[in-house]
Amino acid sequence: MQSFDPEALRFLGRIHTPEQSEEAYNLIRSAGCQNVNIDLIYAVPGASAEVLKNDLRRIIELGPEHVAAYCLIFEEGTPLTRRRDRGEVSEVVDEIQLDQYNLIRQTLRDAGYAHYEISNFTKPGFECRHNLLYWTSGEYIGCGPAAHSHWKDTRYGNVKDLDAYGQAMRKGKPAREFEERLEPEAKAREALVMGLRLIEGVARDEFAKTTGFDYMDLRGKEIAWLCEEGLLVEQGGRLCLSEKGLFVSDSVFTELV
């Protein structure tokens, strides 16, 4: 859905209306689906705090089992980024982004949703198993053009072009565009970063059992510094992002990879 505000949707270049979003949601419910996620985008230039409050109110009224709330990112090569570079639009400043993030967290928690990952909220028992697999370094196989896989310590991605993918399949050949095999230490560092996306963080003993590395041996100096800066917290044998660290998680992860 991303927003219930027509102007915000137009700004984002979306072709659907709020009414169409709700109609789609109701159709899904009437078909018997009992596990539904709604995506929300915040920090949209020009959208006031009242727009976000209304978005949250409507989400809570609809009552999905899961909510994913993402801060708008200006990706390179997109029309939105080109508009920014031409001076036609400005990104929402960090302080307002943080205020909106905290508003989302508080509002959804008050409505009974658990904040279990940086951008994800769930009713009890409806955590996204698909994403939990990624965040816990699990294995998966992706099928089709542009699909990525992680299988037997190897990561690979298929070609993006549909025709090229089809030709490879008809010839019985792999359609992989790239393939890489991570060394154990690099894989452990990646597991640490992915695990820290979860609000509960990473259990030191479990991490060592799973990866073969103690995370303090991997990145002890960096972890100590991040704890001193108030971005990470280590207690009870667990390492997790602090309240301060949640919103700047990408910067924290950069120090640990």
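Residues numbered from 1 in each chain as written. Predicted model: local features only at pLDDT ≥ 70, side-chain atom pairs only at ≥ 80, totals over all residues. Heavy atoms only, no water.

(A) Region of the structure containing the nonpolar core. Within the largest apolar cluster, 40 residues are counted, with the highest numbers of intra-cluster contacts made by Ile104, Leu196, Phe207, Leu232, Val252 and Leu256. Among all residues touching Val252, those that are not within four sequence positions of it are Leu226, Leu231, Leu232, Leu241 and Gly245. Ranked by size, the runner-up nonpolar core spans eleven residues in total, among them Ala8, Leu12, Phe74 and Leu80. (Core = buried A, V, L, I, M, F, W, Y, C linked by side-chain atoms within 4.5 Å. Buried < 20%, exposed > 50% of the residue type's maximum accessible area, 1.4 Å probe, protein only. Contact = heavy atoms within 4.5 Å.)

(B) Representation of the side chain of Gln100. With respect to the element layout, Gln100 can be found in helix 5 (residues 94-110). Since its relative accessible area comes to 8%, Gln100 is described here as buried. When sequence neighbours within four positions are dropped, the list of residues in contact with Gln100 reads Tyr42, Ala43, Ala47 and Leu52. (Helix = DSSP H or I, 4+ residues; strand = E, 2+ residues; numbered from the N terminus.)

(C) Main features of the pattern of salt bridges. One pass over the structure, following the stated rule, counts 20 salt bridges. For the salt bridge of Asp85 with Arg84, the shortest nitrogen-to-oxygen distance reads 3.1 Å. Judged by relative accessible area, which is 54%, Asp85 ranks as exposed. For the salt bridge of Arg86 with Glu88, the shortest nitrogen-to-oxygen distance reads 2.8 Å. Judged by relative accessible area, Glu88 falls into the partly exposed class, the value being 47%. Sharing partners across several salt bridges, the network here consists of Glu22, Arg57, Arg58 and Glu61. (Salt bridge = Lys/Arg side-chain N within 4 Å of Asp/Glu carboxyl O.)

(D) Quick peek at the pairing of strand 2 (residues 66-71). In the sheet, strand 1 (residues 37-42) pairs with strand 2 via six bridges, with the strands oriented parallel. Counterpart to Asp39 in the pairing with strand 2 is Ala68. Following the chain from strand 1 across helix 3 (residues 49-62) to the adjacent parallel strand 2, one finds a crossover that is right-handed. When strand 2 meets strand 4 (residues 120-122), the two strands line up antiparallel, connected through three bridges. Across the sheet, residue His66 finds its bridge partner in strand 4, namely Thr122. (Pairing = 2+ DSSP bridges. Right-handed = clockwise from strand over helix to strand, strands pointing away.)

(E) Looking closely at the environment of Val44. With respect to the secondary-structure elements, Val44 resides in the loop between strand 1 and helix 3. Ignoring any residue separated from it by four or fewer positions in sequence, one finds Val44 in contact with Ala8, Phe11, Leu12, Leu72 and Val92.

(F) Region of interest: the sheet that holds strand 9 (residues 232-235). Pairing is antiparallel across the open sheet formed by three strands, whose spatial order is 8-10-9. The open sheet terminates on both sides in strands that have one partner only, identified here as strand 8 (202-203) and strand 9. As judged from the four bridges shared by strand 9 and strand 10 (residues 238-241), these two strands associate in the antiparallel manner. Paired with Gln235 across the strands is Arg238, a residue of strand 10.

(G) Molecular detail of empty space enclosed by the protein. Under the criterion given, the structure shown has one cavity of 30 Å³ or more. Lining the largest cavity are Ser3, Ala8, Ile41, Tyr42, Ala43, Val44, Ala47, Ser48, Val51, Leu52, Asp55 and Gln100. For the lining of the largest cavity, the element with the highest residue contribution is helix 3, accounting for three residues. Along the lines of polarity and charge, the residues of the lining of the largest cavity split into eight nonpolar, three polar and one charged. (1 Å grid on protein atoms, 1.4 Å probe; cavity = no way out; pocket = protein on both sides within 12 Å on 5 of 7 lines; lining within 4 Å. Points joined across faces, edges and corners; volume = space filled by probe spheres on them. Nonpolar A, V, L, I, M, F, W, Y, C, P; charged D, E, K, R; others polar.)

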